[in-house]
Every structure is written in C-alpha cells, then in structure tokens.
Amino acid sequence: MGLESRIARLGRELGERESSHAAALETARERATELHAQVEAAMEGFHAAAATAGSPHLRIEVGRPRLDEKHVRAVEFEVQRGRTRGLFVVKARGDVTLVGPFATGKAEGPCQSIDFEDSTALAVAVEDFLCRFLEAAAQP
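Summary of the structure given here. Numbers given to residues run from 1 along each chain, matching the order in which its sequence is written. Local features are withheld for residues below a pLDDT of 70 in this predicted model, meaning they are given only at 70 or higher, and side-chain atom pairs are given and counted only at 80 or more; totals for whole chains, interfaces and linings count all residues. Side-chain metrics in this entry use all non-hydrogen atoms of the structure; hydrogen atoms and water are not considered.

For any two helices packed against each other, one specifies the inter-axial angle together with the distance between the axes. All axes here are fitted lines through C-alpha atoms, helices being fitted over the stretch that makes contact, and every angle between N-to-C directions spans 0 to 180 degrees. Think of it this way: any DSSP run of H or I at least four residues long counts as a helix, any run of E at least two long counts as a strand, and we number them from the N terminus. Here helix α2 (residues 22–52) crosses helix α3 (residues 119–137) at 45 degrees, and the two axes come no closer than 12 Å. By the angle between their axes, α2 is oblique relative to α3. α2 and α3 meet at a crossing whose hand is right-handed. Taking contact as the criterion, the partners of Leu35, Val39, Met43 and Phe46 in α2 are, on α3, Val126, Leu130 and Leu134. Throughout, the ten residues Ala, Val, Leu, Ile, Met, Phe, Trp, Tyr, Cys and Pro are labelled nonpolar, Asp, Glu, Lys and Arg are labelled charged, and all others, Gly among them, are labelled polar. Among the residues forming the contact of α2 with α3, the class breakdown is 7 nonpolar, no polar and no charged. Angles below 35 degrees are treated as roughly parallel, those above 145 as roughly antiparallel, those between 65 and 115 as roughly perpendicular, and all remaining angles as oblique. Crossings are classed by handedness, with left-handed meaning an anticlockwise turn of the near helix from the far one by less than a right angle and right-handed meaning a clockwise turn. In this analysis, two residues are considered to be in contact whenever any of their non-hydrogen atoms come within 4.5 Å of each other.

Whenever Lys or Arg places a side-chain nitrogen within 4 Å of a carboxyl oxygen from Asp or Glu, that contact is recorded as a salt bridge. Going through the model one piece at a time under the given rule, you end up with 10 salt bridges. Arg66 is the partner of Glu69 in a salt bridge, and the nearest nitrogen-oxygen pair spans 3.2 Å. Given a relative accessible area of 27%, Arg66 falls into the partly exposed group. Members of the salt-bridge network, linked through shared partners, are Arg17, Glu18 and Arg73. Categorising residues by exposure relies on relative accessible area from a 1.4 Å probe, with only protein chains included: less than 20% of the type maximum marks a residue as buried, more than 50% marks it as exposed, and the intermediate range marks it as partly exposed.

Okay, the nonpolar core next. Put simply, a nonpolar core is a bunch of buried Ala, Val, Leu, Ile, Met, Phe, Trp, Tyr and Cys residues held in one set by side-chain atoms that sit within 4.5 Å of each other. Judged by nonpolar contacts, the single largest core of 25 residues is most densely connected at Val39, Val79, Phe88, Leu98, Val126 and Leu130. Elements represented by at least two residues in this core include exactly α2, β3 (74–81), β4 (84–91), β5 (95–103) and α3. For this core, the element with the highest residue contribution is α3, accounting for 8 residues. If sequence neighbours within four positions are ignored, Leu130 has contacts with Val39, Met43, Val79 and Phe88. Membership of the second largest hydrophobic core comes to 5 residues, among which are Ala74, Leu87, Val99 and Phe102.

As a further point, take the packing of aromatic side chains. Aromatic rings from Phe, Tyr and Trp, taking only the six-membered ring of Trp, are treated as a pair when their centres fall within 6.5 Å; an angle between ring planes under 30 degrees marks them as stacked, one over 60 as edge-to-face, and anything in between as tilted. The tally for this structure, following the rule as stated, stands at 2 aromatic pairs. Consider the rings of Phe77 and Phe88, whose centres lie 4.6 Å apart with planes at 5 degrees: the pair is stacked. Here Phe88 lies in strand β4 and Phe77 lies in strand β3, a separation of 11 residues in the sequence. Phe88 matches Phe77 in its accessibility class, with the two residues each being buried.

Let us now look at the environment of Leu25. With respect to the helices and strands, Leu25 occurs in helix α2. With sequence-adjacent residues up to four places away left out, Leu25 is seen in contact with Leu67, Val72, Arg73, Ala74, Val75 and Ala92.

Here you go:
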C-alpha cells in the first residue's frame, strides 16, 4: 500500500470515528463563542478602566476560539499578556475547563472544570479566574 492510499484510508477511519461527535463539537464551538464574547466585553471594560486610571499599557489579548491544541473534541481560546496565559477549553462532553493562569513555557495549571449548563457556577468561576489572571498578568 502506498503512502497516499494508506493516509487516505486512515483519514476515512478517523473521520468515521469522529463523525459521531460532530454535533457535540459544534455545540462546544457555539458555547466557546458565547463565552469568548463575555470575556472580550469584560476585557474591554478592564482596558477602559485601566486607561482612565492612568495605565493604558495594561492590555490583555483575547485570542479567537479555535480547535483545542490537546483535545480533538474541544474548542479553546486564551487570554494573554506577555508570558502570562489563561485558557478557556470548552469540551464536546459539556464542560468548560479553565486553565491557569500560568507562564508560557511553564507547566499549565491549575485547572478547574465546570458543567457548561451550570450558568451560576460558570459565571462565578470565570469571574474568579479572570481576576486571578489579571493580578498575575499585572505583576511588575
């Protein structure tokens, strides 16, 4: 069997295996997009408040949602300032994992997973996570 045939066969096999998860992955993508919008709005408010207080240099990047780097059945986006990062990982199985804050090049963590349907717990966890991230990202 040649390279192209073997790779095409593997593509079909893996594609068939993952096809049953396509709907759940699309739901995860939608939920990640919703969460991303909330985080982006919060960061816009942070930027405005920091600038008004005399520190317009306190800028946080919010990455776009994309397929997760570790899990093929998840969508992630990140917040970052310099080497300080935080990850939001929305998994097709129905939960959100908040990773960090951590420094690029260091071990990721700590992690906290919350059921996406538990909107109250998720809102509290995201708020606490972003506050921890911002404190870490603004260290002199």
